[in-house]
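Chains, contacts and geometry: an overview
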Amino acid sequence: MKKFYGPGGFAENISVNAVAQLVNPVFAIALGVDPVLVGWAMAIPRLLDAFTDPLMGSISDNWKGRFGRRRPFIAFGALFSGLCVAGIWWTPEAASTDFQFYWLLSALLVSTVGTTSFAVPYVALGMETASSKHERTAWMAWRSFFHKLSGVGVQWMYYLVTLSIFTGTLMGAKVVGAMVGLVIVVTGLLPALFIKEKDHPAQTVERVPLMKSWSLTLRDRNFLVLAIATVLIFSSILLVDTLGFFLMVYNVFGGDEAKMGFFKGIGGTTFHVVGILCIPLMAAFAKRIGKRRAFEFCTASIVVGGIVKLFVYVPNADWWVIVPNFFLAPGLVAVIVLAPSLMADVAAYDEEKNGTSRQGMYAASLAWVTKLALSLTSVGSGYVLKFSGWVHESGIDQAPGTFDKMRWVFSMGTIALAIAASLVLRLYNLEEKEENL
């Protein structure tokens, strides 16, 4: 069954990151929306997630239907997400920047229904179908493989939408977005159609009310540790990522968007290929020294990547901009493989101790935290860009010292947040020796 679970990770990742990759090129650069407003448009839907994610977790935990308690929602989410990702780019090109902002915000608010409906029960399905702590790592590693595989394609989307065969970036986004939407539907339906859910006590035990279930989850020490560490790891890589985008376009490549798109594709491919290679090594490493210690090792790798950033995001660096990805890739693997695997252990321990089946709520809460991290980085990155002295209208002709300041923030932000994540992980206290989990 694991072979049908993994492809869902393709849909899970691309439904979010395909949009994240294109919002700045399309809405900030091509359509002229202020990058800060673009960041807010990405962040505001996460406020909706604060309600929809726990609600979806509670519904799927307690659902009693002939097709299972997870699969119906996974199928709906795959279909709806695909339609939303395809439709988000169909905004009138001649409309005002205010209209473009509200179009983007509205489309993202609608699409969050699809991503929540898919991601929460999908992750919960993997948590409960795997029967031991090491099997959970294997299932999450397989999911991560498809995450990273889809990431390779996502990194080339900017290059694709700027190809000369399109009349403009927006038209490119419309065509590429439609193709991506179809891929989301196909890969997202596989776990819904071909994984048979196990008979589970949730069909007979007393229903746990939504607010009580969420409250119990948020009071769980180890959940909070993993949630905070996840936010910090995502932030260490993504909070300053917008700085990296503008540094590459205007500082490294002198405003040449086509050249930047090519190297961004090469760099992103490197990032995800290295991540794919790290997955089996990470699973073996976690089995040998423990998941938490393996997670901490990944944070150290991110710190090294942050240091390298400082020296390679300079004019005419070209191929050197790829080097940090070799060190940053293990960090994202830790978030995708080890964090959900550790969270599944926490949920299994909770079920053993309290007799309640709440994998859906744990999956929902982790999903919400992940989305919260992405939204905070979306908003924060716009303000970090402004703090660094960036003036959008000036393009490559920024004030003296602006690019240097951006580069230092880009590097030091990565380092500080990765170190903070490592320190937080020290507070995780669910013993790895619990073989019955």
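Structure: see above.
Quick caveat: nothing in here was measured; it's all calculated off a predicted structure. (Residues numbered from 1 in each chain as written. Predicted model: local features only at pLDDT ≥ 70, side-chain atom pairs only at ≥ 80, totals over all residues. Heavy atoms only, no water.)

1. Considering unusual backbone geometry
- A positive phi angle, close to 65°, is found at asparagine 316, a residue other than glycine.
- Residue placement: asparagine 316 occurs in the loop between α13 (291-312) and α14 (325-354).
- Positive phi outside glycine occurs at aspartate 318, with the angle close to 50°.
- Examined against the element boundaries, aspartate 318 turns out to sit in the loop between α13 and α14. (Helix = DSSP H or I, 4+ residues; strand = E, 2+ residues; numbered from the N terminus.)

2. Some remarks on the pattern of salt bridges
- For the structure shown, the criterion picks out seven salt bridges.
- One salt bridge connects aspartate 61 with arginine 70, and the closest N-O pair in it is separated by 3.1 Å.
- Salt-bridge contacts for glutamate 296 lead to arginine 292; the nearest nitrogen and oxygen are separated by 2.5 Å. Taken together, the residues span about one helical turn, with glutamate 296 and arginine 292 both in helix α13 at a distance of four residues.
- Several salt bridges converge on common partners, so that one network encompasses Arg292, Glu296 and Arg426. (Salt bridge = Lys/Arg side-chain N within 4 Å of Asp/Glu carboxyl O.)

3. Considerations on helix α2 (residues 7-30)
- Look at α2: 33 Å from first C-alpha to last across 24 residues, which is about the 34 Å you get at 1.5 Å a residue.
- Along its length, α2 reaches its greatest deviation from straightness, about 40°, at leucine 22, and the proline proline 25 lies no more than four positions downstream.
- Residue glycine 32 follows α2 closely and has a positive phi angle near 80°. (Expected span 1.5 Å × (residues − 1). Bend = angle between axes of the 7 residues up to and from the residue.)

4. Section: the packing of α2 against helix α8 (residues 169-194)
- Interhelical geometry of α2 versus α8 gives an angle of 165° and a closest axis separation of 8 Å. It follows from the interaxial angle that α2 and α8 lie roughly antiparallel. Read as a crossing pair, α2 and α8 show a hand that is left-handed. Mapping the contact onto sequence places Pro7, Gly8, Phe10, Ala11, Ile14, Ser15, Ala18, Leu22, Pro25, Val26 and Ala30 in α2 and Thr169, Leu170, Ala173, Val180, Val183, Ile184, Thr187, Gly188, Leu190 and Pro191 in α8. (Axes fitted to C-alpha atoms, helices over the stretch in contact; angles between N-to-C directions. Parallel < 35°, antiparallel > 145°, perpendicular 65-115°, else oblique. Left-handed = near helix turned anticlockwise from the far one by under 90°. Contact = heavy atoms within 4.5 Å.)

5. Focus: the packing of aromatic side chains
- Enumeration according to the criterion identifies 23 aromatic pairs in this entry.
- Ring geometry for tryptophan 156 and tyrosine 159: centres 5.5 Å apart, planes at 80°, overall edge-to-face.
- A centroid spacing of 6.3 Å and a plane angle of 70° characterise the contact between phenylalanine 223 and tyrosine 362, whose relative ring orientation is edge-to-face. Of this pair, phenylalanine 223 sits in helix α10 (residues 221-238) while tyrosine 362 sits in helix α15 (residues 359-387), and the two are 139 residues apart along the sequence. The residues phenylalanine 223 and tyrosine 362 share a single accessibility class, namely buried.
- One aromatic cluster is present, built from ring pairs that chain together Trp156, Tyr159, Phe253, Phe262, Phe263 and Trp319. (Phe/Tyr/Trp six-rings, centres within 6.5 Å; stacked < 30°, edge-to-face > 60°. Buried < 20%, exposed > 50% of the residue type's maximum accessible area, 1.4 Å probe, protein only.)

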